[in-house]
Amino acid sequence: MIRYRAPTITESEEIAVIHLKTFKNFFLSSLGKSFLITYYTSCIKSKEAISICAVDGNNRIIGFCFGSLLSKGFHKKLIWSNLLPFTFQAISILFSKPKAIIRLITNLKKDANLEDDGDYSELLSIGVLVEKKGQGIGKGLIIAFEKECGKESVKKISLTTDFNSNDAVLSFYKSMGYIVYGQFTTYPNRKMFKLIKNI
Ligand SMILES: CC(C)(COP(=O)(O)OP(=O)(O)OC[C@H]1O[C@@H](n2cnc3c(N)ncnc32)[C@H](O)[C@@H]1OP(=O)(O)O)[C@@H](O)C(=O)NCCC(=O)NCCS
């Protein structure tokens, strides 16, 4: 029996481990487990984020879904409210992967895009353990996420996903009612789809 519930802060390490397994070769994964723990701990603590995990009968996390209530400015606020741990992570990344800092900062600036008022909720991260894929868990996570959005009177949810070699994930989102809203390229040259759903 699978349940969907809010994760606790102590579960952020378990979530980071699943992230590393499900998002192999993704930029955030390249920043390492410690960065992911900081990121997910901050999201779980934030009142402006929606955090959901799927757990099996043994209360073991098998999937997760995170998003913001308001897309615009979410990550900047998250960093400011957790300045110490993020500064520590930034220094550590600066020494181990200096180019990654440029990419992080450049992509944070997408908040400043004047053509997009960011007045919607954003689904930021969703992952299901590889061995549990195709069993409806991703669908359950999205439904739970949208239910929480509904409680906060959110009207619209957006998400971004890779443009290239990503047909399965795109089909997954389309099956959940998300429609392609546009395309854009993030630094250094990653082509992305933006999808939107009115709820
Ligand atoms: C994308 C992901 C979250 C989907 O989770 P999942 O539990 O495997 O998906 P579900 O079993 O809930 O599938 C829900 C629906 O999506 C569709 N779908 C799922 N996988 C699909 C695939 N490989 N190809 C086509 N459609 C697919 C199905 O139509 C399904 O609808 P149905 O219930 O009518 O059969 C999961 O595969 C994952 O973690 N992928 C790696 C991480 C990732 O890429 N995340 C998204 C980054 S933007």
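The coordinates are above.
Residues numbered from 1 in each chain as written. Predicted model: local features only at pLDDT ≥ 70, side-chain atom pairs only at ≥ 80, totals over all residues. Heavy atoms only, no water.

A few words now on the pattern of salt bridges. Side chains that carry opposite charge are capable of pairing whenever their charged atoms lie near each other. For the structure shown, the criterion picks out seven salt bridges. Of the charged contacts in the structure, one is a salt bridge between Arg 5 and Glu 11, with a shortest N-O distance of 2.7 Å. Of the two residues examined, Arg 5 and Glu 11, each falls in the buried class. Of the charged contacts in the structure, one is a salt bridge between Arg 60 and Asp 56, with a shortest N-O distance of 3.2 Å. Note on Arg 60: relative accessible area 37%, which makes it partly exposed. (Salt bridge = Lys/Arg side-chain N within 4 Å of Asp/Glu carboxyl O. Buried < 20%, exposed > 50% of the residue type's maximum accessible area, 1.4 Å probe, protein only.)

Neighbouring residues of the ligand: 20 residues in total, closest Val 128, Gly 134, Gly 136, Gly 138 and Lys 139. Gly 136 places a polar main-chain atom, nitrogen or oxygen, 2.8 Å from an oxygen atom of the ligand. Here an oxygen atom of the ligand sits 3.2 Å away from a polar atom, N or O, in the side chain of Ser 175. Looking at the shell around the ligand, the elements with two or more residues in it are β4 (121-128), α7 (137-151), β5 (156-162) and α8 (167-175). Across the shell around the ligand, the residue classes tally to eight nonpolar, 10 polar and two charged. (Near = heavy atom within 4 Å. Polar contact = N/O pair within 3.5 Å; in protein donor to acceptor, adjacent residues only side chain to side chain. Helix = DSSP H or I, 4+ residues; strand = E, 2+ residues; numbered from the N terminus. Nonpolar A, V, L, I, M, F, W, Y, C, P; charged D, E, K, R; others polar.)

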